[in-house]
Amino acid sequence: MRPTGDVQEHQTATTGLFLRDDFPILQRMVHGVPLVYLDNAATTQKPTVVIEAEAAYYRTSNANVHRAIHTLGEEATRQYEQARATVASFIGSPAPEQCVFVRNATEALNLVAWAWGMDHLSSGDEILLTVMEHHSNLVPWQMVAKRTGARLRFLPLAPDGTLRLDALDTFLSERTKIVAFTHVSNVLGTITPVAEICRRAQRLGAITVVDAAQSVPHQPVDVTALGCDFLAFSAHKMYGPMGIGVLWGRLERLQEMEPLFGGGEMILRVGLESSTWNEVPYKFEAGTPNVAGAIGLAAAIDYLRGIGMEAIAGYESQLTEYALLRLRSVPGIEVYGPESPRGSLVAFNVPGVHPHDLSQFLDQQGIAIRAGHHCAQPLLKHLCVVATARASFAPYNTRADVDALVDALGRVGDFFGHVGS
Ligand code: PLP
């Protein structure tokens with residue numbers, strides 16, 4: 001049972017909101033010291049319940065879904081479809097069929113770009129993105145724009161890293177067919193006002209695509225309240241397995257889309273010359289799906305719900321605030337992104353030390369952070385840097401983890417000998 005009230009407050013300050021014991025990997029040592037894992041925006045660690053859910057499926061019910069008329073096949077199908085229903089209720093989807101299982105957020109965004117974009121865009125149309133998109137929500141649109149003749153436009157950022165919403169009306173017009181944007185920036189931590197953007201875009205007839213890879217794991221997300229047309233996320237960033245993700249879509253949008261991949265499962269009838277398609281979501285799930293992954297994702301969602309997304313958002317927000325405060329005490333450090341509200345991550349640079357060197361130095365002390373361009377090269381160009389370091393948090397992180405990072409940063413100068421020069 002989880003503790004409550006004062007006891008919980010004391011405990012969470014020292015042990016995290018998730019019980020660290022739930023995560024076997026957090027018990028391991030790296031270079032002889034306990035692991036401090038601060039790379040959660042890249043991927044999160046997995047609790048035992050997720051690892052066991054996948055293993056239990058393979059141990060007891062493994063079979064191909066939707067086809068077999070035998071006990072294992074029926075069990076596998078039931079668990080796979082139950083996982084879809086779990087996802088649907090987690091994100092407020094009116095129906096499970098609106099949740100398409102894909103490999104990851106990248107595949108989900110590509111599916112919309114190719115399957116919706118190719119049929120609805122033509123020369124002169126505009127696709128509105130933002131300057132802070134992850135390559136996953138930029139490159140597919142570049143590819144589709146090149147083939148259709150559509151034009152890419154980019155909503156700018158204010159100096160503090162927030163989106164220039166005041167500029168939205170000058171970018172939106174009858175020519176705008178798609179507005180695709182991130183819910184939470186994986187570099188700046190900027191949180192975009194999704195519902196407002198969707199409302200304003202839809203007034204002009206544009207469809208809206210939300211990259212929720214960095215929001216679904218950290219805060220309550222309800223697709224109905226957001227009012228978007230599509231929403232994409234990955235299981236592995238929310239304590240679930242790698243190789244499974246979700247594209248949620250409005251039913252009429254999914255119905256009007258052609259499938260992207262052809263093959264088994266996605267058809268109704270096949271002739272030698274032509275075929276007809278299965279219904280949504282199956283027409284988008286060609287071939288054998290990642291059944292174990294879907295079951296693992298459902299286990300991760302059950303785990304998150306057991307703690308509560310509001311509680312997770314509140315805990316991470318306090319931890320990030322603490323991290324910002326402590327990081328700013330490091331001499332010369334440059335911290336990127338808005339003050340508040342922001343997602344559970346902080347990108348920064350220590351002058352005179354390349355982020356890759358910094359990451360290697362921290363790794364020697366058991367601290368895992370991210371360093372590089374974070375798949376957001378245009379944003380880094382906008383920030384006039386080629387790389388940054390990034391610490392990103394999960395509810396198993398504690399103030400002690402932040403202290404370990406900041407204390408190690410305090411020793412960087414001695415190690416490299418030229419910090420701040
Ligand atoms: N969008 C954002 C904002 C991300 O941070 C990431 C991954 O870091 C992605 C999309 C792509 O996620 P995936 O690699 O799981 O497809």
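Conventions we followed
Residues numbered from 1 in each chain as written. Predicted model: local features only at pLDDT ≥ 70, side-chain atom pairs only at ≥ 80, totals over all residues. Heavy atoms only, no water. Near = heavy atom within 4 Å. Polar contact = N/O pair within 3.5 Å; in protein donor to acceptor, adjacent residues only side chain to side chain. Areas by Shrake-Rupley, 256 points an atom, 1.4 Å probe, with all protein chains shown as cover. Nonpolar A, V, L, I, M, F, W, Y, C, P; charged D, E, K, R; others polar. Buried < 20%, exposed > 50% of the residue type's maximum accessible area, 1.4 Å probe, protein only. Helix = DSSP H or I, 4+ residues; strand = E, 2+ residues; numbered from the N terminus. Contact = heavy atoms within 4.5 Å. Phe/Tyr/Trp six-rings, centres within 6.5 Å; stacked < 30°, edge-to-face > 60°. Lys NZ or Arg CZ within 6 Å of the ring centre and 35° of its normal. Pairing = 2+ DSSP bridges. Axes fitted to C-alpha atoms, helices over the stretch in contact; angles between N-to-C directions. Core = buried A, V, L, I, M, F, W, Y, C linked by side-chain atoms within 4.5 Å.

A. Summary view of the site of the ligand. The immediate surroundings of the ligand are formed by 14 residues, with T106, D211, S234, H236 and K237 found nearest. A distance of 2.7 Å separates an oxygen atom of the ligand from a polar side-chain atom of Q214. In this structure, an oxygen atom belonging to the ligand sits 2.6 Å away from a side-chain N or O atom of K237. Alone, the ligand offers 390 Å² of accessible surface; in the complex the protein occludes 88% of this. Of the residues contributing to the shell around the ligand, the split by class is 3 nonpolar, 9 polar and 2 charged.

B. Structural detail: the pairing of strand β10 (residues 245-249). Extensive coverage of β10 is indicated by the burial of 5 of its 5 residues. The side-chain alternation of β10 yields two buried faces, one formed by G245, L247 and G249 and the other by V246 and W248.

C. Spotlight on the side chain of S173. Within the secondary structure, S173 is located in the loop between α6 (168-171) and β7 (176-182). Side-chain polar atoms of S173 contact the backbone nitrogen of R175, separated by 3.0 Å. Residues contacting S173, with those up to four places away along its chain left out, are E126 and L204.

D. Representation of the packing of aromatic side chains within the structure. Tallying each qualifying case throughout the model produces 7 aromatic pairs. For the pair F23 and Y239, a centre-to-centre distance of 6.2 Å together with 75° between the ring planes defines the contact as edge-to-face. With F23 in the loop between α1 (5-15) and β1 (29-30) and Y239 in the loop between β9 (230-234) and β10, the pair connects residues that are 216 residues apart, well separated along the chain. Each member of the pair F23 and Y239 is classed as buried. A network of ring pairs unites the aromatic residues F23, Y239, Y303 and Y396 as a single cluster. Positioned above the aromatic ring of Y322 is the side chain of R399, whose terminal nitrogen or guanidinium carbon lies 4.4 Å from the ring centre.

E. Inspection of the sheet that holds strand β5 (residues 126-130) at higher detail. Reading across from one edge, β4-β10-β9-β8-β7-β5-β6 is the order of the 7 strands in this open sheet, with mixed pairing throughout. Each edge of the open sheet is held by one strand with a lone partner, namely β4 (99-102) and β6 (151-155). Averaged over neighbouring strand pairs, the angle between their axes works out to 20° when direction is ignored. One ladder, built from 5 bridges, connects β5 with β6; its direction is parallel. Bridged to L128 within β6 is R153. Helix-sheet contacts for helix α3 (residues 71-90) involve β4, β9 and β10, and the interaxial angle to β4 is about 120°.

F. Summary view of the sheet that holds strand β16 (residues 370-372). Taking strand neighbours across the sheet as the criterion, the 4 strands line up as β13-β14-β17-β16 in an open arrangement whose pairing is antiparallel. The open sheet is flanked by β13 (334-336) and β16, the only strands paired with a single partner. Across the sheet, the mean angle separating the axes of adjacent strands is 30° when strand polarity is ignored. Sheet topology places β16 next to strand β17 (residues 388-392); 3 bridges connect them, and they run antiparallel.

G. Geometry of the nonpolar core. Formed by 108 residues in total, the largest nonpolar core has its most connected members in L231, F348 and L409. Tallying contributions element by element places helix α10 (residues 291-307) first for this core, with 12 residues. Apart from the residues lying within four places of it in its own chain, the contact partners of F348 are L327, I333, E334, V335, Y336, L358, T388, A389, R390, A391 and L409.

H. Structural detail: unusual backbone geometry. Each neighbour pair has its own omega, and for V280 with P281 the value is 5°, a cis peptide bond. Assignment of secondary structure puts P281 in the loop between β12 (275-277) and α10. The step from S340 to P341 runs through a cis peptide bond, and the omega angle for that step is -5°. For P341, the position within the fold is in the loop between β13 and β14 (345-349). Residue H374 is not a glycine yet carries a positive backbone phi of 55°. Tracing the backbone shows H374 in the loop between β16 and α13 (377-382).

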